[in-house]
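# Understanding the architecture of this molecule
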Amino acid sequence: MKVERISEHVWSLSTWVIIPIHVWAVVEKDGITLVDAGISTMTKGIAAFAEKRLGLPLRRIVLTHGHADHIGAVKKLVERYPDVAVYAHEIEIPYMEGRLPYPRRKKPQQFVAPGLAKPLPMEADGTVARVGGLSAHLTPGHSPGHVVYFHEADGVLLAGDLFTSKGGRLRKPMPMFTADMAEAVRSSEIVRKLLPSRLEVCHGGSVPNPADQLDAYQRSLGFAAGGGVSLQH
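We now turn to the structure provided with this report. Quantities reported herein were computed from a predicted structural model and do not represent experimental measurements.

### Topic: the sheet that holds strand β14 (residues 207–208)
Taken in spatial order, the five strands make up an open sheet running β8-β9-β10-β13-β14, and their pairing is mixed. Sheet topology places β8 (135–138) and β14 at the edges, where each strand pairs with a single neighbour. Alignment of strand β10 (residues 156–158) against strand β13 (residues 198–200), held across three bridges, turns out to be parallel. Across the sheet, residue L158 finds its bridge partner in β13, namely E200.

Rendered as structure tokens:
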């Protein structure tokens, strides 16, 4: 497993299975917040990083969404660290627990045991509350309850599968696994709102100053401001 420090508080842990798969360890005052849990073979590497590299406890796991390549190490990590809480958006939980089929899928599939993931805490105004040093933002499209996490102090946006990337450029999420591409493009506006200095995706490398690319990215997918989305195929 490759380990890279990408900012003062954020580390990228990655492996390669046909495509790159990244998860992120965020150093908090009380330990580590893990953003996504990759695939099951990453379990030992994640644990070794926390215990041996940083010497900090794993406190919580927050998920961008519930697809298999984002939750693979959850079960074994929770067995290893029984006090660790797992969070996902309340919209996402019925899909990842197998109570509902993901959009564009014929049958439901259980990716996590019922009750393992708790709903992310919500504010009174309906927005997602902060989790540790991260602000959380609902960005549906790739999946119904997809969430991105922003570390304001470091200017790093952990974007899961909201995008892919290549050569430091924003690319669309994988169409085969994206529930609603038009909605995913609309959700990309979060980049303009937050103005991160660096964006990280699960499948691809870092994107510096992603807001500078956003207009071109949206145009490439048929988006016109105020005019909705008409996707190109």
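From this point, the discussion proceeds with the structure in view.
### Re the packing of aromatic side chains
When we look at a pair of aromatic rings, we describe it by the centre distance and by the angle of the planes. Under the criterion given, the structure shown has four aromatic pairs. With a centroid separation of 6.2 Å and an interplanar angle of 50 degrees, the aromatic rings of Y102 and F111 are classed as tilted. Overall, the relative accessible area of 8% leaves Y102 in the buried class. Its relative accessible area of 22% is what places F111 among the partly exposed residues. When the centroid spacing of 5.1 Å and the interplanar angle of 70 degrees are considered together, the rings of F163 and Y217 count as edge-to-face. Taken as a pair, F163 in the loop between β10 and β11 (164–166) and Y217 in helix α7 (residues 214–220) lie far apart in primary sequence, 54 residues in all.

### Let's talk about the pattern of salt bridges
Summed over the entire model, instances satisfying the criterion amount to nine salt bridges. Across the pair E4 and R198 runs a salt bridge whose closest N-O atoms are separated by 3.9 Å. Separated by 194 residues along the polypeptide, E4 in strand β1 (residues 2–5) and R198 in strand β13 bring together distant segments of the chain. Measuring nitrogen to oxygen at the nearest pair gives 3.0 Å for the salt bridge that ties D215 to R192. Of this pair, D215 sits in helix α7 while R192 sits in helix α6 (residues 190–194); the two residues are 23 residues apart in sequence, bridging distant segments of the chain. Salt bridges here are not isolated pairs; linked through shared partners, they connect E4, R198 and E200.

Conventions adopted
- Residues numbered from 1 in each chain as written.
- Predicted model: local features only at pLDDT ≥ 70, side-chain atom pairs only at ≥ 80, totals over all residues.
- Heavy atoms only, no water.
- Pairing = 2+ DSSP bridges.
- Helix = DSSP H or I, 4+ residues; strand = E, 2+ residues; numbered from the N terminus.
- Phe/Tyr/Trp six-rings, centres within 6.5 Å; stacked < 30°, edge-to-face > 60°.
- Buried < 20%, exposed > 50% of the residue type's maximum accessible area, 1.4 Å probe, protein only.
- Salt bridge = Lys/Arg side-chain N within 4 Å of Asp/Glu carboxyl O.

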